[in-house]
Amino acid sequence: MALDFSIILRFQDALLLGLWMTLKLTLICVILGCTLGFLVGLARTSRSVMLRTISGVYVDFFRGTPVLIQLFWIFFCLPLILGIELSNLASGVIALTLYMGAITSETFRASLKSVGPEQLDACIALGLPRRIQVTNVILPQAVLRAIPTLLSNCVSLFKESALVSAVGMADLMFVGQNISNNTAQPVEVLTIVALIYFIIAFPLTRAVSLIERRILAKLAI
Amino acid sequence: MTAPITPPLVRMQSLHKSYGPAMQVLKGLDIEMQPGERLVVIGPSGGGKSTLLRVMMGLEKIDRGSITFGGKPYISSDGLDKKTNIDTEVRRSIGMVFQHYTLFPHLNVVENLILAPCKVRKERKSDATERAVGLLTRFGLAAKAKAYPAQLSGGQKQRVAIARALMLDPKLMLFDEVTSALDPELVAEVEQVILQLAAQKMPMMIVTHDMWFAKNIASRVIFCAGGVVVEDGPPEQVLGSPKEERTRDFIDRVFHIRQ
């Protein structure tokens, strides 16, 4: 069987458009998802039982169900509940943001917990008010510690975003599938699509381990 | 003995503290500390020494008792409700250094020193930095001003921690086993800094297992065991020829003396 990879040249514009959609979607959801995750992480460690319960149910639900079903649910059920039609992009953003928020909230929660109680002792011994303890001592350390895992979460999201093709969003995966169906050359096309995902994800995963080492070296007490 | 004219710097009355019904750590401590005194607290692990310092700093609640500082009550609990009242303004006159340094790892040395002065006393950053550099120079750490805690040795970290506490001009310093986590060759540099403070008449309360250091720095030694003060006196007495059987046992054991 002869493989012909030259078809990529014929479809490169379409593939680039798809990649652009994937990157746009990932970037938006990274920003919104991390913000949401940070707030939910705070809620999960708060003193209020209500905040802890609500945020806990949210996280458990989104971590415990397949992303694909979450996507379908947002695409088909949310318009029924809200009574308005959402664009493909809006639905994709909502679904992946909710998913990313649940995942990163766990990252933030773990890093908040990793700031040891002796740091609080030091704050009290220095007479720092509660607000300063949080904004100048606890949060900066927690965020620094969270960065490597957050980057891993982002790489995961980038790959998971391929699922939006299942509900008709024209991302890289969707474009690849279309080309593959029309040309009947799934091996070549899907290999190329996989390579494009890899070329973007691989440097990021390497960056994660580099940054992780740097940060851990800096924070080692 | 004539009564002191000035009020005691610290007066602890009937301090009770327990971790659950089975673990009573402080069983009614009464200690008075005069201005200018350097009080060393020694005793077996679990005898309540560290808890005592943590209570004084307001890091631990108490079940009953009270503490005054310079005549002002600042920590009290009547034992009825579970509340420990702490006057944070008074507490700010007390500085504390811990066994494990507890520097802020994400801030460099100068930033560690100026955080509290800038945020608590609203001191100008340039003024605080100038004072910080002065203190670091005094402690032989001028070259480390921009270093992060992870880049320092244990002895350097502990000296930074002492400097950080001094930035708030404390009227009393608490040292909780500050050399216990250090490699033996680094102990001296930290003890030198504390001796330097002692020479400047800084009142201090020190919990230590280092009997040589205790002998050198103490103006008075308290032997604490089982949550009570067993013996209290000048260092020559408590460390040299203790009156109490339990003190003698302990001193013999830590000095490895077998008769």
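All of these numbers come straight from a predicted model, not from anything done at the bench.

**Structural notes on the overall build of chain A**
Step number 1: Of regular secondary structure, chain A possesses 9 helices and 0 strands.
Step number 2: Walking chain A from its N terminus toward its C terminus, one meets helices and strands in the order α-α-α-α-α-α-α-α-α.
Step number 3: Overall size of chain A, expressed as C-alpha extent along the three principal axes, is 70 × 45 × 25 Å.
Step number 4: Out of the 221 residues belonging to chain A, those deemed buried represent 32%.
Step number 5: Within chain A, contacts between residues separated by at least 24 positions form 78% of all contacts whose residues are at least 6 apart in sequence.

**Considering the pairing of strand 10 (residues 220-225) of chain B**
Residues and elements named next belong to chain B.
Step number 1: Burial analysis of strand 10 places 5 of its 6 residues in the buried class, the great majority of the element.
Step number 2: Where strand 3 (residues 38-42) meets strand 10, 4 bridges bridge the pair, whose relative direction is parallel. In the strand pairing of strand 10, Leu39 is matched with Arg220.
Step number 3: As defined by bridge partners, strand 10 adjoins strand 11 (residues 228-233) across 5 bridges and the pair is classed as antiparallel. Among the inter-strand pairings, Ala225 is bridged to a residue of strand 11, identified as Val228.
Step number 4: What sits between strand 10 and strand 11 in their antiparallel hairpin is a turn of 2 residues, with Gly226 showing a positive phi close to 60°.

**So, the UniProt feature "transmembrane region" (unreviewed entry) in chain A**
Step number 1: Here, the residues flagged by UniProt with the feature "transmembrane region" (unreviewed entry) are residues 20-43, 64-84 and 189-208 of chain A.
Step number 2: Between the end C-alpha atoms of residues 64-84 of chain A the distance is 28 Å, and the span holds 81% helix and 0% strand.

**Some thoughts on the sheet that holds strand 3 of chain B**
Residues and elements named next belong to chain B.
Step number 1: On the basis of which strands lie adjacent, the open sheet formed by 6 strands has the order 7-8-9-3-10-11 and mixed pairing. At either margin of the open sheet sits one strand with a lone partner, and together these are strand 7 (94-97) and strand 11. Each strand of the sheet is rotated relative to its neighbour by a mean of 20°, with strand direction disregarded.
Step number 2: In this sheet, strand 9 (residues 204-207) lies alongside strand 8 (residues 172-176) in parallel orientation, the contact comprising 4 bridges. Looking at the pairing, Phe175 lines up with Ile206 of strand 9.
Step number 3: Its contacts with the sheet put helix 5 (residues 154-166) on strand 7 and strand 8, and the angle it makes with strand 7 is roughly 170°.

**Topic: the interface of chain B and chain A**
How big an interface is tends to be stated in terms of accessible area lost as the parts join.
Step number 1: Each partner contributes to the interface: chain B provides 23 residues, whereas chain A provides 20 residues.
Step number 2: At the level of elements, helix 2 (88-91) and helix 3 (109-120) of chain B are the ones that each hand at least two residues to the side of chain B that touches chain A.
Step number 3: Split by residue class, the side of chain B that touches chain A holds 15 nonpolar, 5 polar and 3 charged.

**Quick notes on the nonpolar core**
Soluble, globular proteins show a tendency: their nonpolar side chains are buried together.
Step number 1: Val40, Val41, Met96, Leu174, Phe175, Met205 and Val221 of chain B are the most contacted members of the largest nonpolar core, which totals 78 residues.
Step number 2: Residues Met21, Ala43, Ala95 and Ala142 of chain A belong to the second largest nonpolar core, which totals 33 residues.

So, how was this worked out
Residues numbered from 1 in each chain as written. Chains lettered and ligands numbered in written order. Predicted model: local features only at pLDDT ≥ 70, side-chain atom pairs only at ≥ 80, totals over all residues. Helix = DSSP H or I, 4+ residues; strand = E, 2+ residues; numbered from the N terminus. Buried ≥ 20, exposed ≤ 12 C-beta atoms within 10 Å, placed from the backbone. Contact = placed C-beta atoms within 7 Å. Pairing = 2+ DSSP bridges. UniProt positions renumbered as here; feature names shortened; annotations may be inferred. Axes fitted to C-alpha atoms, helices over the stretch in contact; angles between N-to-C directions. Nonpolar A, V, L, I, M, F, W, Y, C, P; charged D, E, K, R; others polar. Core = buried A, V, L, I, M, F, W, Y, C linked by C-beta atoms within 7 Å.

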